[in-house]
Amino acid sequence: MRRVVSQTAVVLLSTATGTAAVAGLGALDAAAPARSAAHEATTLILGAPHDAARRALTEAKPRSVTYHGVRVPVPAGWTVVRLDDNPSACVRYDRHAVYLGRPGPQPDCPARVVGRTEAVHVQPLRDVAASRTVVHADKLGSFTVTPSIGHETSLALPEAAVGIVGVYGTDPAALQRVLRGTRVKVKPHAHGKPSAQPKTSTQPKSPAQPKTSAQPKTSAHAEPPAQPKASAQPKASAQPKSPAQSEAPAKPETPAQSEAPAQPGAPAQPEPAKPAVPPSGPAAGRSARTGPPERLDYASGKGFDTCTAPSLATMKAWRSSYDVTNIYIGGAARGCAQPNLTASWVKKVRKMGYRILPTYVGLQPPCGTRPQKFSTRNAAAQGRRTAADAVAKAKALGIPADKPIYLDLEAYNSRNATCKAAVLRFVNAWVKQVKKKQYKPCLYGSASSGVHDVGAAKGIAKPVGIWFANWNGKARVYGDKFLPDGWWPPHRRIKQYRGAHRERHGGVTLNIDTSLADGRAY
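Let me sum up the structure you'll find in this document. Bear in mind the structure is a predicted one, so any value in this text is a computation, not a measurement.

Spatially, six strands are ordered β3-β4-β5-β8-β7-β6 in an open sheet, and the strand pairing comes out mixed. Of all the strands in the sheet, just β3 (79–82) and β6 (133–134) have a single pairing partner and so form its edges.

Let's shift gears to the sheet that holds strand β14 (residues 440–446). Strand order in the closed barrel formed by eight strands is β10-β11-β12-β13-β14-β15-β16-β17, and the pairing between neighbours is mixed. Put simply, the sheet's adjacent strands are angled 35° from each other on average, direction ignored. When strand β10 (residues 298–305) meets strand β11 (residues 324–330), the two strands line up parallel, connected through two bridges. Across the sheet, residue Phe304 finds its bridge partner in β11, namely Thr325.

Let us look at the pairing of strand β1 (residues 64–67). Neither face of β1 is left uncovered, since the one carrying Ser64 and Thr66 and the one carrying Val65 and Tyr67 both have all their residues buried. Where β1 and strand β2 (residues 70–73) come together, four bridges link them in antiparallel fashion. Across the sheet, the residue bridging to Tyr67 is Val70, located in β2.

Further remarks concern the packing of aromatic side chains. Per the stated rule, a full pass over the model turns up seven aromatic pairs. On the numbers, 5.0 Å between centres and 50° between planes, the contact of Phe304 with Trp318 is tilted. Residue Phe304 is found in strand β10, and its partner Trp318 is found in helix α7 (residues 312–318); the two are separated by 14 residues along the sequence. Ring plane angle 70° and centroid distance 5.2 Å describe the contact between Phe304 and Tyr322, whose orientation is recorded as edge-to-face. Taken together, the residues Phe304 in strand β10 and Tyr322 in the loop between α7 and β11 connect sequence positions 18 residues apart. This pair shows no difference in class: Phe304 is buried, exactly as Tyr322 is.

Scanning all chains against the criterion turns up three cavities of 30 Å³ or more. The calculated volume of the second largest cavity comes to roughly 40 Å³. Gly303, Phe304, Asp305, Val324, Thr325, Asn326, Leu357, Trp467, Ile494, Ser515 and Ala517 together form the lining of the second largest cavity. The set of elements that each furnish at least two residues to the lining of the second largest cavity consists of β10, β11 and β17 (508–520).

About the thresholds
- Residues numbered from 1 in each chain as written.
- Predicted model: local features only at pLDDT ≥ 70, side-chain atom pairs only at ≥ 80, totals over all residues.
- Heavy atoms only, no water.
- Pairing = 2+ DSSP bridges.
- Helix = DSSP H or I, 4+ residues; strand = E, 2+ residues; numbered from the N terminus.
- Axes fitted to C-alpha atoms, helices over the stretch in contact; angles between N-to-C directions.
- Buried < 20%, exposed > 50% of the residue type's maximum accessible area, 1.4 Å probe, protein only.
- Phe/Tyr/Trp six-rings, centres within 6.5 Å; stacked < 30°, edge-to-face > 60°.
- 1 Å grid on protein atoms, 1.4 Å probe; cavity = no way out; pocket = protein on both sides within 12 Å on 5 of 7 lines; lining within 4 Å.
- Points joined across faces, edges and corners; volume = space filled by probe spheres on them.

Structural measurements only, silent on function.
Structure, rendered in structure tokens:
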């Protein structure tokens, strides 16, 4: 009987001391299996008296974590990841999590994550987009998350020199509760003006930050705020992005595994550095180097894509093995954070000789598996909104007009006639609006659903180029059973022929999908 009482006491005590427990376990991977309450109880403490259990029950409080003087509530079931302790952790928006700190230069992310749910990332202010909203400490409790096409909001908390990026799945209410429950452990100056940060380094003034005066001491747990450097990041559009799936279980299936198009087969061994099979069909015999790469509107060669833009050092290490790379520039279903992706990154990667596939992961088909969806009623309107936001994101990254932007349209049930009709209305509106804004509309999708349906459709505006997924291991852009060779020839096809796998080049390993390009690229 005594042992049962002791275990109960431990469970309640661990709840009451949630902050301390999180601080010690925050660096664990989000996918680590959760232990039962009874297991944790017997591990942490034994023999607690019965009256201590009752006191713990009375005094139990919700979990919270503190980062640089900012205390964030942690809802039940959410994971806490301390990036300063675990810099290789991937900031994923498809899992309920609170991320603290700056990601490392090369996070270990999956090849592909599509979809979002509620998640919060607290980090030094200099790492948050320039389009952030300044919110003073005494206003956090009434902050409202305005629904947006990107399902994302970015806040600047000047009193602590901390920024918060919050994303949501379909409804911003849960994210709003977390942000309203966040507290800054410094006293605002009179009239709501912030007190200044400690003089630990020279700090450039941000246009959005008011002048500051001397800062009072924070609590014993609060670290001094990291001092921002001059940001090289371009202005991003003020619209947020979104989350997708709810809380990940112990070892969730990654979107890269679950979302395969028609043929998901993928060998386990790494591939050779260059493709053995050149483009075939109408493009056969055409040189991949008919002029300087920057003068061609298409790219030929081997390409890879991964969930988050790799570091510049990684891109350099991989250059001898790949000619083309993908970047996820925005969208309500973009699943990974992009700490490296800036206009400067794009410029430097192109100088290395890469060609780039700018890809926007917006709302998905109503009969698809992702939570962020357009509907049969609003398909055309959402297609136009998606196009406008995609163009804005491309411009923010320094991608000029007349360059391609790929719409990521994940696999769906093509046999559902009503859903397929909505997809065609969405794509038709997307294509027209992107063209109107002087960019080249292109389409990524499954060879057996999205790309096939658009190719076969009559009376709609067609994308300039396609990037189709058929994971059959055949590095050929023509001869696909779902897509007649007469659709989009020549130099307007890219095939993703191998799904998620790991490769190592130049001493660096990434999780990637592999493609063969003979199509539109920047």
